[in-house]
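In case you want the letters, here they are:
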Amino acid sequence: MEGFKVINRDIITEATAMAFADPHLQIPDRYIRADGISPAAGVVAGDGENLELPVVDMARLLDPEHREAELINHGVDEAVIQKMKDSTVNFFELPLEDKNAVAVRPGGTDEGFGHHFRSSAGKLDWAENLIVETQPFQQRNLEFWPSNPPTFRDSIDKYAMEMSNLTMRLLRLMASDLGVEHETLLAAFRGKRQITALHHYPPCHHPEKVIGITPHSDGFGLTLLLQVNDTPGLQVSKDGRWHPVRPLPGALIINVGETLEVLTNGHYKSVFHRVVVDTKRSRVTIVVFQDACIDGVVKPLPELGEPRYHAIGKSEYFKDHITEVVGQGERFIDTLKK
Ligand SMILES: O=C(O)CCC(=O)C(=O)O
Ligand SMILES: [Fe+2]
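This text gives an overview of the structure that appears in the document. (Residues numbered from 1 in each chain as written. Chains lettered and ligands numbered in written order. Predicted model: local features only at pLDDT ≥ 70, side-chain atom pairs only at ≥ 80, totals over all residues. Heavy atoms only, no water.)

### Some details on the coordination of the iron ion (ligand 2)
- Donor atoms from the polypeptide that coordinate the iron ion (ligand 2) comprise His216 (NE2), Asp218 (OD) and His273 (NE2), at 2.1 Å from the metal.
- Here the donor residues of the iron ion (ligand 2) are spaced in sequence according to H-x1-D-x54-H. Remark: His273 occurs in strand β10 (residues 273-275) and Asp218 occurs in the loop between β5 (213-216) and β6 (222-227); sequence separation between them is 55 residues.
- Note on His273: relative accessible area 5%, which makes it buried. (Donors = N, O, S within 2.8 Å, 3.2 Å for Na, K, Ca; no water. Helix = DSSP H or I, 4+ residues; strand = E, 2+ residues; numbered from the N terminus. Buried < 20%, exposed > 50% of the residue type's maximum accessible area, 1.4 Å probe, protein only.)

### What to know about the side chain of Thr16
- Checked against the element boundaries, Thr16 lands in helix α1 (residues 14-21).
- Overall, Thr16 belongs to the buried group, its relative accessible area being 6%.
- Excluding anything up to four places from it in sequence, Thr16 contacts Tyr31 and His115. (Contact = heavy atoms within 4.5 Å.)

### Section: helix α7 (residues 182-189)
- For α7, the set of buried residues is Thr184, Leu185, Leu186, Ala188 and Phe189.
- Among the structural elements, α6 (152-178), β6, α8 (258-263) and β11 (283-290) are those in contact with the buried residues of α7.
- Of the residues one or two after α7, Gly191 is the one with positive phi, at around 75 degrees.

### Describing the site of ligand 1
- Around ligand 1, a shell composed of 13 residues is seen, among which His199, Tyr201, His273, Arg283 and Thr285 lie nearest.
- In this structure, His216 approaches ligand 1 through a side-chain N or O atom, which is 3.0 Å from an oxygen atom.
- For ligand 1, whose accessible area on its own is 290 Å², the fraction buried by protein is 100%.
- Listing elements by their share of the shell around ligand 1, those giving two or more residues are β4 (194-201), β5, β10 and β11.
- Broken down by element, the shell around ligand 1 gets its largest block of residues, three residues, from β11.
- Tallied by class, residues from the shell around ligand 1 come to six nonpolar, four polar and three charged. (Near = heavy atom within 4 Å. Polar contact = N/O pair within 3.5 Å; in protein donor to acceptor, adjacent residues only side chain to side chain. Areas by Shrake-Rupley, 256 points an atom, 1.4 Å probe, with all protein chains shown as cover. Nonpolar A, V, L, I, M, F, W, Y, C, P; charged D, E, K, R; others polar.)

### What about α6?
- Taking 1.5 Å of rise per residue, 27 residues should cover 39 Å, and α6 covers 38 Å from first to last C-alpha, within 8% of that figure.
- Gly179 sits one or two positions beyond α6 and adopts a positive phi of about 75 degrees. (Expected span 1.5 Å × (residues − 1).)

### Some remarks on the sheet that holds β10
- Read across the sheet, four strands follow the order β5-β10-β7-β8 without closing on themselves; strand pairing throughout is antiparallel. Edge strands, defined here as strands with exactly one partner in the open sheet, are β5 and β8 (241-244). Looking at each pair of strands side by side, their axes are set apart by 25 degrees on average, direction ignored.
- Bridge analysis of strand β7 (residues 234-238) against β10 gives three bridges, and the strand direction is antiparallel. Residue pairing across strands places Gln235 opposite Arg274, the latter belonging to β10. (Pairing = 2+ DSSP bridges. Axes fitted to C-alpha atoms, helices over the stretch in contact; angles between N-to-C directions.)

### What about the environment of Ala197?
- Looking at where Ala197 falls in the secondary structure, it is placed in strand β4.
- Of the residues examined, Ala197 reaches a relative accessible area of 0% and is grouped as buried.
- Ignoring any residue separated from it by four or fewer positions in sequence, one finds Ala197 in contact with Leu130, Ile131, Thr285, Ile286, Val287 and Phe289.

### A look at the pattern of salt bridges
- Tallied over the full model, the rule gives 14 salt bridges.
- Across the pair Lys123 and Asp29 runs a salt bridge whose closest N-O atoms are separated by 4.0 Å. Within this pair, whereas Lys123 is found in the loop between β2 (112-114) and β3 (128-135), its partner Asp29 is found in the loop between α1 and β1 (55-56), the two being separated by 94 residues in sequence.
- Note that Asp291 is salt-bridged to Arg193, the shortest N-O span being 3.7 Å. Of this pair, Asp291 sits in the loop between β11 and β12 (297-298) while Arg193 sits in the loop between α7 and β4; the two residues are 98 residues apart in sequence, bridging distant segments of the chain.
- For Arg193, a relative accessible area of 14% corresponds to the buried category.
- Several salt bridges converge on common partners, so that one network encompasses Lys83, Asp154 and Lys158. (Salt bridge = Lys/Arg side-chain N within 4 Å of Asp/Glu carboxyl O.)

Put into structure tokens, the structure is as follows:
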């Protein structure tokens, strides 16, 4: 996967692992954000102003009549979710040495365990991440798929499949909402890449000095985010303030990526978000990105009228998306608006 808000990867060192494990150790300088990125720099909305993201209660969305039953019959398989959560937690609990068996290779592919984002000032996010490409099947690079815990590969394989199916169900609903043929929207996603990112944000005794994930908006089509535990941290930017997002237990958060904003000609909007870390509890999330394009191009579906965004080739899109996100902290697609 070329692109994906990555400018540079870094391995997790012993010193970092120690700082992550002991909230009372001094924060290494590379994690201290003084560059306008730190949570201290943004205004956070008050209590009771948590943002209602498009939190999708699958059961309710798919069948208003049969909430519980529908979740079992049409929603994501609970056993698959639980197994994926367990494997993820087990992986992050391993000693650093074991996790580094699938470490990122600086200058190599964008997969692996490590830091996946480094600001131009060389600062790092307060998190360790494992990223693997889960679809298309032929592009899986098992070198980066942990064999420890032993359940990991099977868990992620099944979870990825569930997320592909869920994406197709969501796209059908979106296509109906947009008034376009289902196939038009589905075709833009079919056979495209699916990237799975596992995030672990350790606690930090000075959360105002570090950031779990730098403010950004997702570049791909659709993001499906699952919280493994209920530690808060995700915040969404709206009207110049950061609003905490607290998903309902068991709900997935669906983020519209910039590519989907363009495809739908601005009907769905991609949001700017970040993660702040907790003083006491770690936060673990499982995030699946579904990519999309029309014949290699990011552009509005022709059915949706006069295009409001300029068309751009996929590789150019990702190249520019990175520079823009990192350079200015703004959404790249705003530069594509007509
Ligand atoms: O972990 C989270 O809550 C958000 C992760 C995220 O924004 C991303 O992976 O793009
Ligand atoms: Fe994101």
